[in-house]
Every structure is written in C-alpha cells, then in structure tokens.
Amino acid sequence: MAETTHASHNPAEEAVPTTKVKEWASATRIELGQWIKTLKLSSELREAAEAVWKKLGALESALVNKTQSETEARTAFVTWVAENDWNGGFAWYLEEKAKVVAEANRRKADEAIQRFIATARTEAQKATKTQGGLGTVVAGLADIATQQTFTGTSGAYPYLPANGKHPIMESLLARTGQGEAWTVDNCAEVDAMNKYLYAIKAQLMTDVHGKNLYFHAETWNWDKRIWQPRSACGNCDNWMKIIGARRV
Ligand SMILES: [Zn+2]
C-alpha cells in the first residue's frame, strides 16, 4: 500500500513526456547541468541533482544508441526517480523549471502589454492622416483592459450634441481647472476619452479604470511641417490625474 501511494506521487510520471523522450532528456540534462553549475545548493541537494543529471544522460544514451525502446527507457528513468531519488533532485528540478516558465510567461505578458500601450501612439499617427486637419491635435487612447483603442481630434467635443457628451466626461471636465489658453473641453484627449466611456458603457466613475488607459497626442509642427508628439496639456493632465491615466 505504501509503495502504491509513493508511486502515485512520483513527480517524474507526469513530468516526463511519452514521446520525444530523447529530446526532452537532452534539454533537461543541459538545463539541469547549468543550474548545478550556477546555483547555490546544499551539498545534499547538489548530490541529488547530480544523480538525476547522470540518470538523464543514461536515458539519452539508451535512446541515442537504441539499447532500449522509448517506453522502456522512459519507464526505467521514472522508476529510478521513484525508487532512488530520495533527496528530491528531480522534484527540485521541476520547481526551478516552474519558476523559469512562470517568469518567461510574465515577461511575455508584460511585452504584450507594452506592445499594446504603444498602439496609443500608432493609432494617433494613423489618425493624423484622416482626422487631423492642420492646426489640430489628434490623440490615440489604448485601454489595456478591453484591448480597444480610440482616437480623438481637438475641437470635436465642444460641437457634440448634449446627448453625445458622456456624463462622466462632463463631470471630469467640471472638476478640471483651465490651465491653458484653450478651454478644458477642446482637447483631442477629451474626444477620445468620451468615446471610451461610451464603448465601455460606463455608468459610474468607478467603472473607469484609468490605470489601464494610455494617451498619446500628436500635433502639427508648422515650422518643421511634420506631425510630432505633444507631451503635455495642463488641462487634460488635471482630469487624467483624477482617473490615474498616463501618457506615452
Ligand atoms: Zn488637453
């Protein structure tokens, strides 16, 4: 009974694949070998890890030299872990591997977010071609929560009918002190934010997750005759600060 229980908790049974065992053994041995060399281990754990490393080498050799079938070689390794790896060298390898995989996934997810945030800029640059009359400002807005982007044009919002101005936008603007030569409702960012509020069907201020919002504005440079990023607007910075949105 004790044997059965022990066997059912053998970490190798799940971790070792049933196909392409040779490739798995080779990659695992190389990885484990690097960790043995570079990580600080207790002598007991080091010994256990080295024993696993050798056993992986034996598994690989058996498959390279075809002295065992894939199934036989796999079973031999899995059984060895259950019966001989008392100090958990293989379980330790799996723990380290899980950490490496988790870190790689985290980095991948982070890169995807960064790529999406950058669309605030590319959307704004695209919009300069279609909705950016010279002298206007266009804004791109990326919402990482819904993975949607919005664009806005300066001067658009004030001309919207009353039922086209979202109540939350109106309330944010009411709390915004004018710090620029233009009125607080005039900006491209306001137009983009208004579209976002309708798109997410915001009912309350708490529906607005400003930390997920990234704005980018482009403006026409008359001297250089090019569109270029415009970093800050004292008006919009006020309401962006209230909701915790950022510029990129
Ligand atoms: Zn502004």
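Everything quoted here is computed from the prediction, not taken from an experiment.

Calculation rules
- Residues numbered from 1 in each chain as written.
- Predicted model: local features only at pLDDT ≥ 70, side-chain atom pairs only at ≥ 80, totals over all residues.
- Helix = DSSP H or I, 4+ residues; strand = E, 2+ residues; numbered from the N terminus.
- Rg over C-alpha atoms; globule rule 2.2 N^0.38 Å.
- Buried ≥ 20, exposed ≤ 12 C-beta atoms within 10 Å, placed from the backbone.
- Expected span 1.5 Å × (residues − 1).
- Contact = placed C-beta atoms within 7 Å.
- Axes fitted to C-alpha atoms, helices over the stretch in contact; angles between N-to-C directions.
- Parallel < 35°, antiparallel > 145°, perpendicular 65-115°, else oblique.
- Nonpolar A, V, L, I, M, F, W, Y, C, P; charged D, E, K, R; others polar.
- Core = buried A, V, L, I, M, F, W, Y, C linked by C-beta atoms within 7 Å.
- Domains from an automatic or database assignment.
- Arc of directions from axis to C-beta.
- Pairing = 2+ DSSP bridges.
- pLDDT = per-residue confidence, 0-100.

(A) The arrangement of the overall build of the protein in detail. For the protein, the helix and strand inventory stands at 10 helices and 5 strands. By the compact-globule yardstick of 18 Å for 248 residues, the protein is too spread out, its C-alpha radius of gyration being 30 Å. Viewed in the frame of its principal axes, the protein has a C-alpha envelope of about 80 × 45 × 35 Å. Counting all 248 residues of the protein, 32% fall into the buried class.

(B) The arrangement of helix 9 (residues 188-199) in detail. Over its 12 residues, helix 9 runs 17 Å from end to end, which matches the ideal 16 Å to within 8%, given 1.5 Å per residue. Among the 12 residues that make up helix 9, 10 are buried, leaving the element largely enclosed by the rest of the structure. All of the buried residues along helix 9 are Ala-188, Glu-189, Val-190, Asp-191, Ala-192, Met-193, Asn-194, Lys-195, Tyr-196 and Leu-197. Looking at the buried side of helix 9, the elements it contacts are strand 1 (137-143), strand 2 (148-153), helix 8 (167-174), strand 3 (213-221) and helix 10 (234-243).

(C) Seen up close, the packing of helix 4 (residues 43-64) against helix 6 (residues 89-117). Two elements in contact, helix 4 and helix 6, have axes whose closest approach is 8 Å; the angle formed by their N-to-C orientations is 90°. It follows that helix 4 is roughly perpendicular to helix 6 by the angle criterion. When helix 4 is examined against helix 6, the residues Leu-45, Ala-48, Ala-49, Ala-51 and Val-52 are found in contact with a partner set consisting of Gly-89, Phe-90, Trp-92 and Tyr-93. Among the residues forming the contact of helix 4 with helix 6, the class breakdown is 8 nonpolar, 1 polar and no charged.

(D) Seen up close, the environment of Leu-172. Relative to the helices and strands, Leu-172 is located in helix 8. The sequence separation of Leu-172 and Val-16 amounts to 156 residues, and the corresponding C-alpha distance is 57 Å. Dropping the residues within four chain positions of it, Leu-172 is found in contact with Trp-239 and Ile-242.

(E) Quick look at the nonpolar core. Grouped together as the largest cluster of nonpolar side chains are 33 residues, with contacts concentrated most on Ala-139, Leu-141 and Phe-215. Breaking this core down by element, the ones donating at least two residues are helix 7 (119-130), strand 1, helix 8, helix 9, strand 3 and helix 10. Element by element, the count of residues in this core is highest for helix 9, at 6 residues. Each residue touching Ala-139, except ones within four places of it in the same chain, is listed here: Ala-124, Thr-151, Gly-152, Ala-188, Glu-189, Ala-192, Phe-215, His-216 and Ala-217.

(F) How the structure looks around the packing of helix 8 against helix 9. One can describe the packing of helix 8 onto helix 9 by two numbers: an axis separation of 8 Å at closest approach and a directional angle of 140°. Here helix 8 is positioned oblique relative to helix 9, judged by the angle of their axes. Along the contact surface, helix 8 presents Ile-168, Met-169 and Leu-173, while helix 9 presents Val-190, Met-193, Asn-194 and Leu-197. Across the contact of helix 8 with helix 9, the residue classes tally to 6 nonpolar, 1 polar and no charged.

(G) A look at unusual backbone geometry. With a phi close to 60°, Gln-147 is a non-glycine residue in the positive phi region. In this fold, Gln-147 is placed in the loop between strand 1 and strand 2. On the basis of neighbour counts, which here come to 12 C-beta atoms within 10 Å, the residue Gln-147 falls in the exposed class. Its identity as a non-glycine residue notwithstanding, Lys-201 has a phi of 50°, on the positive side.

(H) Up close: the domain arrangement of the protein. When cut into domains, the protein gives domain 1 (2-115) and domain 2 (118-247). If you average the C-alpha positions of domain 1 and of domain 2, the two centres end up 52 Å apart.

(I) Structural view of helix 3 (residues 21-38). The end-to-end C-alpha distance of helix 3 is 25 Å, a good match for the 26 Å that 18 residues give at a rise of 1.5 Å each. Within helix 3, the full set of buried residues consists of Val-21, Ala-25, Thr-28 and Leu-32. All buried residues of helix 3 lie within an arc of 75° about the axis, which places them on one face of the element. Across from the buried face of helix 3, at angles greater than 90 degrees, the exposed residues are Glu-23, Ile-30, Gln-34, Lys-37 and Thr-38.

(J) Quick peek at the pairing of strand 4 (residues 226-229). As paired strands, strand 3 and strand 4 are joined by 4 bridges and run antiparallel to one another. Opposite Glu-218, over in strand 4, you have Pro-229 as the bridge partner.

(K) Spatial organisation of the confidence of the model for the protein. On average, residues of the protein score 93 in pLDDT, and 96% of them reach the 70 mark or higher. Every residue in residues 1-7 is under pLDDT 50, and counting partners more than four places away or in other chains gives 2 contacts.

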